[in-house]
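Fold and geometry: a report
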Amino acid sequence: MPNVRDILNGISKASPQRVLNAARIWSSYHQSKLTGKPDISGLPISISIEPTTSCNLRCPECPSGLRSFTRPTGMLQQELFKNVIDQLASKLSYLIFYFQGEPYLNPQFLDMVKYAGSKGIYTSTSTNAHYFTDQTAKATIESRLDRLVISVDGTSQDTYQSYRVGGSLDKVIAGTKKILEWKRELHSKTPHTVFQFLVVKPNEHEIPEVYKLARELGVDEVVLKTAQIYDFENGSDLIPLQDKYSRYKKNEAGKYAIKNNLDNHCWKMWHSCVITWDGKVVPCCFDKDAHFVLGDLTKNTFEEIWFGESYNNFRASLLKSRKEIEICKNCTEGTKVWA
């Protein structure tokens, strides 16, 4: 269960402008569901921004790990980041420093966390925890990062490396210990630490063990995440045997299909977006290779993009027929994937 302290921390960052903006977004989303028109009022409540596309691991269902991007790779620069934050800070509630890649490979990453925090924005990141030296762990606490998601996809090295190819579970555990030690040493309430367990067939038997490991280390929360499989129709060695941990189910033809009716609406298109390291605005985290670029923040302001023709046309297309949009075909938004 989410930690009460973390919830209260998030609430403490609310402001009249942010609350009003969230209300306008929520209202316009539900109005669009009723009318079928892509009207939107307000700026995003949450954004994800990509510190880098680089990664040290080679996970089998990840474009960063597979080195399979067709889009440019690189590092987010502070000037671009600050420009984006300055445009959105008064209304933005939640900032995720993650899209693809390992955030800690960007040498300016924690400086950007500090900058967003200075604007009163709740900050979160996701990491494979291979770069937590004593110095980096201390700097993470001092950055006032609010939420730290650590990928732990196994509790034995053999299981862990079956998905996190090239990774070391010992490094993850050692890094986690350093974070928690510095959190205690500096008497900090943040970051809220999360073990994220991506459930796949090779590791599903270790689910009970990840809860035990989290308790032993003092991690605040464990989150089980279902895995996105790219070529799922004919099955995959990664699809869990336990149905409740799978995004997919076998149909009458013996093929696999996603557990989603893909109804013609999407909350993400109203309340959030993703910004790549080089300033491209894409609809959501399912567009990993940035095939649907809706604007470029090196050329236009965020508002020009958010309320612009390309974005409105994209929202209109999913209100008309979401099933026809390629990145939506493997999406869990709008359905509960847990059985």
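Scroll up for the structure.
Values in this document were obtained by computation on a predicted structure and should not be read as measured data.

1. Section: the overall build of the protein
- The number of helices and strands found in the protein is 12 helices and 11 strands.
- Taking 2.2 N^0.38 as the reference for a compact globule, 339 residues should give roughly 20 Å; the C-alpha atoms of the protein span a radius of gyration of 20 Å, in line with that estimate.
- Projected onto its principal axes, the C-alpha positions of the protein cover 55 × 50 × 40 Å.
- Within the protein, the fraction of its 339 residues that count as buried is 54%.
- Approximately 15,700 Å² of the protein is accessible, and the part contributed by carbon and sulfur atoms is 51%.

2. Some words on the packing of aromatic side chains
- A complete count under the given rule lists 12 aromatic pairs for this structure.
- An aromatic cluster of at least three residues, connected via ring pairs, comprises Phe-81, Phe-97, Tyr-104, Phe-109, Tyr-115 and Phe-132.
- Residue placement shows Arg-315 over the ring face of Trp-270; its charged tip is 5.9 Å from the ring centre.
- A cation over a ring is seen here: Arg-315 above Trp-306, with NZ or CZ 4.6 Å from the ring centre.

3. So, the sheet that holds strand β4 (residues 147–151)
- Reading across the sheet, the nine strands line up as β6-β5-β4-β3-β2-β1-β9-β10-β11 and stay open at both edges, with mixed pairing between neighbours. Strand pairing shows two members of the sheet lacking a second neighbour, β6 (221–226) and β11 (295–296), which therefore form its edges.
- Pairing of strand β10 (residues 280–282) with β11 involves two bridges; the strand directions are antiparallel. Its bridge partner lying in β11, Lys-280 is registered against Asp-296.

4. Topic: the nonpolar core
- The biggest cluster of nonpolar side chains holds 88 residues, and the ones touching the most others in it are Phe-81, Leu-95, Phe-97, Phe-195 and Ile-275.
- Those residues in contact with Phe-195 that sit more than four places away from it in its chain are Ile-150, Val-152, Thr-176, Val-210, Leu-213, Ala-214, Leu-217, Val-219, Glu-221, Val-222 and Val-223.

5. Description of the layout of surface pockets
- Roughly 430 Å³ of internal volume is contained in the second largest pocket.
- Forming the boundary of the second largest pocket are 21 residues, of which Gln-228, Tyr-230, Glu-326, Ile-327 and Asn-330 lie nearest the centre.
- For the lining of the second largest pocket, the per-class residue count stands at eight nonpolar, five polar and eight charged.

6. Details of the side chain of Ser-188
- Summarising the element assignment, Ser-188 is placed in the loop between α8 (169–185) and β5 (192–199).
- According to the relative accessible area criterion, Ser-188 is buried, its value standing at 9%.
- Ignoring anything within four residues of it in the chain, the contact list for Ser-188 reads Ile-141, Arg-144 and Lys-183.

7. Some thoughts on unusual backbone geometry
- For the peptide bond that leads from Thr-190 to Pro-191, omega is 0 degrees, which places it in the cis range.
- Relative to the elements of secondary structure, Pro-191 occurs in the loop between α8 and β5.
- A positive phi angle, close to 50 degrees, is found at His-187, a residue other than glycine.
- Within the element layout of this structure, His-187 appears in the loop between α8 and β5.
- The exposure class assigned to His-187 is exposed, which follows from its relative accessible area of 74%.
- Positive phi outside glycine occurs at Ala-290, with the angle close to 55 degrees.
- By the element assignment, Ala-290 lies in the loop between β10 and β11.
- Judged by its relative accessible area of 14%, Ala-290 falls in the buried class.

Criteria and cut-off values
Residues numbered from 1 in each chain as written. Predicted model: local features only at pLDDT ≥ 70, side-chain atom pairs only at ≥ 80, totals over all residues. Heavy atoms only, no water. Helix = DSSP H or I, 4+ residues; strand = E, 2+ residues; numbered from the N terminus. Rg over C-alpha atoms; globule rule 2.2 N^0.38 Å. Buried < 20%, exposed > 50% of the residue type's maximum accessible area, 1.4 Å probe, protein only. Areas by Shrake-Rupley, 256 points an atom, 1.4 Å probe, with all protein chains shown as cover. Phe/Tyr/Trp six-rings, centres within 6.5 Å; stacked < 30°, edge-to-face > 60°. Lys NZ or Arg CZ within 6 Å of the ring centre and 35° of its normal. Pairing = 2+ DSSP bridges. Core = buried A, V, L, I, M, F, W, Y, C linked by side-chain atoms within 4.5 Å. Contact = heavy atoms within 4.5 Å. 1 Å grid on protein atoms, 1.4 Å probe; cavity = no way out; pocket = protein on both sides within 12 Å on 5 of 7 lines; lining within 4 Å. Points joined across faces, edges and corners; volume = space filled by probe spheres on them. Nonpolar A, V, L, I, M, F, W, Y, C, P; charged D, E, K, R; others polar.

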